[in-house]
Amino acid sequence: MNSMSDNTTRPGRLSGKVAFITGAARGIGRAQAVRFAEEGADVIAVDLCGPVDTVLIPHATTADLDETAEAVRAAGGRFSGHVADVRDGDALRAAVAAGVEEFGGLDVVCATAGITSRGLTAELSEEAWKTMLDVNLTGVWQTAKAAVPHLIDRGAGSIVMVSSIAGLRGLYGVPHYVAAKHGVVGLMRSLAQEMAPYGIRVNTVHPTNVDTPMIQNDVVRGGFRPDLETVTLEQFAESAKTMNMLDIPWVDPVDVANASLFLASDEARYITAVTLPVDAGSTQR
């Protein structure tokens, strides 16, 4: 996968390559952007940087995206940042096109943007169900649709879709999230078949809880300990540990970024259509 990017003098597993990452303002998306830059990539980054209806946890901001830009540049990569909603195909295509125009092509895609909310099946509103699938499943499809023509032009590439342990097993109280994350796996498996003739690989990663703002908030903590009015970090950690085989409550964003880096790199050149857990053994517990 050759690139016209001018970072080819920087050594690394993604030297000379360009990566498009959604949800890049913070959390896993930011970790991917920084790790990829450390390994030689330039980064096209997208984030909504605003609220989503039915989601109660604090949202990312443009200041968060600016921090990602600073971190990528500090790691030696170039950065093309865009505020866009993954549900908006036109906005995504415009962002990718602008980044490709600036950097000369596209090699790697990380469909990372996502939301979370809670509710039992019989209690969920239609809006909560629809919003979850629109962002966490349709948004992944929109990301792939925007990127695929550029990957085909390049003649090779890698797409990494961030699913969840909820894409491999059921979880209580989040049926819409589980449905969306299972759907990402189905999309990945079909897209891997479509892209194979072009030398483009497609895989999913499946984290357990990740130490990001998506879980470190009162809404999620309360879901783990509904018996308590206020849940401390220590109480949340003790409950979260019960999900995993290893004795940890959650993984770090860089752990998911490292798995994504492997799948994006030529080290994984013959790996496609796989579901890779980064889950501390959660799916096998």
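Each remark here, short or long, concerns the structure printed above.
As the structure is a prediction and not an experimental result, all values here were calculated from the model.

1. Considerations on the pairing of strand β6 (residues 200–207)
Along any regular strand, the residues point their side chains to alternate faces of the sheet. Burial of β6 is extensive: eight of the eight residues sit out of reach of the surface. Summarising the sheet, strand β5 (residues 157–162) and β6 pair through six bridges and their orientation is parallel. Paired with Ile-159 across the bridge in β6 is Val-202. Each parallel crossover has a hand, and the one from β5 via helix α5 (residues 175–195) to β6 is right-handed. Looking at chain direction, β6 and strand β7 (residues 275–278) are connected through four bridges and run parallel. Bridge pairing links Pro-207 to Val-278 in β7.

2. Some points on the environment of Thr-143
Note on placement: Thr-143 falls in helix α4 (residues 126–154). Once the C-alpha coordinates of Thr-143 and Ala-84 are considered, the two residues, 59 residues apart in sequence, prove to be 11 Å apart.

3. Considerations on α5
Here α5 spans 30 Å end to end across 21 residues, near enough to the 30 Å set by a 1.5 Å rise per residue. Among the residues making up α5, those that are buried are His-176, Tyr-177, Val-178, Ala-180, Lys-181, Val-184, Val-185, Leu-187, Met-188, Leu-191, Ala-192 and Met-195. Structurally, α5 contributes buried residues whose contacts are with α4, β5, β6 and β7.

4. Section: the side chain of Asp-85
Tracing the sequence through the fold places Asp-85 in the loop between β3 (79–83) and α3 (89–103). Within the structure, the side chain of Asp-85 is placed 2.8 Å from the side chain of Arg-87, a separation counted as a polar contact. Discounting residues that sit within four places of it in the chain, Asp-85 has contacts with Leu-48 and Leu-92.

5. Comments concerning the packing of α3 against α4
Where α3 meets α4, the closest approach of the two axes is 9 Å, and the angle between their N-to-C directions is 35 degrees. Viewed along their axes, α3 and α4 form a crossing whose handedness is right-handed. Counted together, Gly-89, Leu-92, Arg-93, Val-96, Ala-97 and Val-100 of α3 and Gly-139, Gln-142, Thr-143, Lys-145, Ala-146 and His-150 of α4 form the full contact between these two elements. The residue makeup of the contact of α3 with α4, split by class, is five nonpolar, five polar and two charged.

Here is what the cut-offs are and how they apply
- Residues numbered from 1 in each chain as written.
- Predicted model: local features only at pLDDT ≥ 70, side-chain atom pairs only at ≥ 80, totals over all residues.
- Heavy atoms only, no water.
- Buried < 20%, exposed > 50% of the residue type's maximum accessible area, 1.4 Å probe, protein only.
- Helix = DSSP H or I, 4+ residues; strand = E, 2+ residues; numbered from the N terminus.
- Pairing = 2+ DSSP bridges.
- Right-handed = clockwise from strand over helix to strand, strands pointing away.
- Expected span 1.5 Å × (residues − 1).
- Contact = heavy atoms within 4.5 Å.
- Polar contact = N/O pair within 3.5 Å; in protein donor to acceptor, adjacent residues only side chain to side chain.
- Axes fitted to C-alpha atoms, helices over the stretch in contact; angles between N-to-C directions.
- Left-handed = near helix turned anticlockwise from the far one by under 90°.
- Nonpolar A, V, L, I, M, F, W, Y, C, P; charged D, E, K, R; others polar.

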